[in-house]
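Here's the letter readout for the chains.
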Amino acid sequence: MKRSLNILLMVTFVLTLFVPLTGVHIHKLASVLFLLLCLVHTGLYWRKMDARRGVVLALIFVSFLTGAFGLIFDKTPMILAMHKVISIAVVFFLAIHIFVFTSKICPRSRKKINSQRDMWIFVR
């Protein structure tokens, strides 16, 4: 269940990012689904929730709200500019979140030094 939720989160996130390719209507639908899936994801992992993850969730909400207000107040370009800046920040924070999550699941293997001779080769 959690794996399929994470895959759905990734698919809706990618569809949300591909606005020039998919169009505004697909962007709107994908962003609503992404927001709902983020809430479900937060509900499943609520014990691991800390302040940093709370900030990421708050930025997702703010990005969604500025996008919605940008649609309502289309004569005010400042709201859409804020939406773009906040959305770029969300992309960076979600990339960090995904990197930390996958590094806990699949840790990188470190090269082990077997002998004294290998240690001298490794140091040089």
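Residues numbered from 1 in each chain as written. Predicted model: local features only at pLDDT ≥ 70, side-chain atom pairs only at ≥ 80, totals over all residues. Heavy atoms only, no water.

Novice: Could you clarify how one ought to interpret the packing of aromatic side chains in this entry?
Specialist: Centre-to-centre distance and the angle between the planes together describe a pair of aromatic rings. The final tally for this structure, using the stated rule, is two aromatic pairs. Ring plane angle 40 degrees and centroid distance 5.5 Å describe the contact between Phe13 and Phe34, whose orientation is recorded as tilted. Of this pair, Phe13 sits in helix α1 (residues 2-17) while Phe34 is found in helix α3 (residues 24-44), placing the two residues 21 residues apart along the sequence. (Phe/Tyr/Trp six-rings, centres within 6.5 Å; stacked < 30°, edge-to-face > 60°. Helix = DSSP H or I, 4+ residues; strand = E, 2+ residues; numbered from the N terminus.)

Novice: Explain the nonpolar core to me, please; I cannot follow it from the model alone.
Specialist: Nonpolar side chains in soluble globular proteins generally cluster together in the buried interior. Ranked by size, the top nonpolar core spans 14 residues in total, and within it Leu9, Phe34, Cys38, Ile60, Val90 and Leu94 carry the most contacts. Where this core is concerned, the elements lending two or more residues are α1, α3, α4 (51-72) and α5 (77-105). If near-sequence neighbours (up to four positions away) are discounted, Leu9 is found in contact with Phe34, Leu37, Cys38 and His41. (Core = buried A, V, L, I, M, F, W, Y, C linked by side-chain atoms within 4.5 Å. Buried < 20%, exposed > 50% of the residue type's maximum accessible area, 1.4 Å probe, protein only. Contact = heavy atoms within 4.5 Å.)

Novice: What is the right way to read the side chain of Thr66 from this model?
Specialist: Tracing the backbone shows Thr66 in helix α4. With a relative accessible area of 8%, Thr66 lands in the buried category. In this structure the side chain of Thr66 is engaged in a polar contact, spanning 3.2 Å, whose partner is the side chain of His83. Each residue touching Thr66, except ones within four places of it in the same chain, is listed here: Ile79, Met82, His83 and Ile86. (Polar contact = N/O pair within 3.5 Å; in protein donor to acceptor, adjacent residues only side chain to side chain.)

Novice: What is the right way to read a nonpolar patch on the surface from this model?
Specialist: On the surface, a nonpolar cluster with roughly 890 Å² of combined accessible area is contributed by Ile7, Met10, Val11, Val14, Leu15, Leu17, Phe18, Leu21, Ile26 and Leu29. No other element matches the six residues that α1 contributes to the nonpolar patch. Counting through the fold element by element, Leu17 comes out in helix α1. The partly exposed category is assigned to Leu17, whose relative accessible area is 41%. (Patch = residues over 30% accessible without salt bridge, like charges linked within 9 Å, V, L, I, M, F, W, Y side chains within 5 Å. Areas by Shrake-Rupley, 256 points an atom, 1.4 Å probe, with all protein chains shown as cover. Salt bridge = Lys/Arg side-chain N within 4 Å of Asp/Glu carboxyl O.)

Novice: Explain α4 here, please?
Specialist: Helical geometry note: an α-helix holds 3.6 residues per turn, so side chains three or four residues apart project in the same direction. The end-to-end C-alpha separation of α4 is 31 Å, in line with the 32 Å expected for 22 residues at 1.5 Å each. Among all positions in α4, only Val56, Leu57, Leu59, Ile60, Ser63, Thr66, Gly67 and Gly70 are buried. (Expected span 1.5 Å × (residues − 1).)

Novice: I would appreciate a short explanation of the side chain of Thr16 in the present structure.
Specialist: Note on placement: Thr16 falls in helix α1. If near-sequence neighbours (up to four positions away) are discounted, Thr16 is found in contact with His27, Ala30, Ser31 and Phe34.

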